[in-house]
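Breakdown of the fold
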Amino acid sequence: MTMNRFRQFSNQMMYKMAQFFYGRNGFDNLARTCNALAILMLVINIFAQSAVIYFIWVALFGYTIFRIYSKNISKRYAENQKFLQLTEVPRRYANLARLQWRDRSVSRYYLCKSCHQQIRVPKGKGRIEIRCPKCGERFIKKT
């Protein structure tokens with residue numbers, strides 16, 4: 001009987017949270033990044049005990065909360081798109097590094113010099129000629 005009441009209470013709370021967040025921006029990429037930086041500043045401040053780092057943490061966390069609860073969705077969307085454009089190259093290289101680490105035992109990844117397309121080739125085949133599927137550029141690499 002108590003489990004049923006707990007489930008009802010839990011469902012009611014989820015419904016109320018969904019109602020509260022209706023029409024709000026939510027947790028987008030810029031808010032996630034600001035939140036991660038705020039947590040990093042908090043951890044650094046535990047050891048450094050600096051007022052400057054504390055105020056940076058408060059500002060980042062406040063901006064994250066502002067973005068999440070904002071009802072001006074079009075403006076927050078434009079800001080998030082600008083952020084995604086500015087961080088496109090670092091995110092691409094981070095994704096490439098993640099893929100290289102994941103497939104490190106079976107594959108090698110190369111970037112085409114002309115179009116910057118990432119190309120995966122099997123590891124352990126010796127010196128091979130690689131042709132970029134996007135632009136047709138050919139280059140020789142050791143796998």
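Everything that follows concerns the structure shown earlier in this document.
My aim in this report is to walk through the structure given alongside it, one point at a time. It should be emphasised that the depicted structure is a prediction, and the values quoted were computed from it without experimental measurement. Residue positions are given per chain, counting from 1 as you read along its sequence in written order. For a predicted model such as this one, the threshold for reporting local features is a pLDDT of at least 70, and the threshold for listing and counting side-chain atom pairs is 80 or more; totals across whole chains, interfaces and linings nevertheless cover every residue. The basis for every side-chain value is the complete set of non-hydrogen atoms in the structure, without hydrogens or water.

Quick word on the side chain of Asp-103
The numbering of helices and of strands both runs from the N terminus, where a helix is a DSSP run of H or I of at least 4 residues and a strand a run of E of at least 2. Relative to the helices and strands, Asp-103 is located in the loop between α5 (88-102) and β1 (107-111). Note on exposure labels: buried denotes an accessible area under 20% of the residue type's maximum, exposed denotes more than 50%, and partly exposed covers the range between, all computed with a 1.4 Å probe on protein chains only. Judged by relative accessible area, Asp-103 falls into the buried class, the value being 10%.

A word on the nonpolar core
Core analysis: the largest hydrophobic core is formed by eight residues, namely Leu-30, Cys-34, Ala-38, Met-41, Ile-53, Leu-60, Phe-83 and Leu-84. Counting residues per element, the ones that place at least two in this core are α2 (29-48), α3 (51-69) and α4 (73-86). Ranked by residue count, the leading element in this core is α2, at four residues. In these notes, a set of buried Ala, Val, Leu, Ile, Met, Phe, Trp, Tyr and Cys residues joined through side-chain atoms within 4.5 Å is what counts as a nonpolar core. Counting residues in hydrophobic clusters, the runner-up holds seven residues, among them Val-121, Ile-130, Cys-132 and Phe-139.

Thoughts on a nonpolar patch on the surface
Each patch is built from residues that are more than 30% exposed by relative accessible area and take part in no salt bridge. Like charges join if they lie within 9 Å; nonpolar side chains (Val, Leu, Ile, Met, Phe, Trp, Tyr) join within 5 Å. Areas reported as accessible are Shrake-Rupley estimates using a 1.4 Å probe. Residue values count occlusion only from the protein chains shown. We define a salt bridge as a side-chain nitrogen of Lys or Arg found within 4 Å of a carboxyl oxygen belonging to Asp or Glu. A cluster of nonpolar side chains, Ile-39, Leu-42, Val-43, Ile-46 and Phe-47, forms an exposed patch at the surface whose accessible area comes to about 510 Å². For Phe-47, a relative accessible area of 71% puts it in the exposed group.

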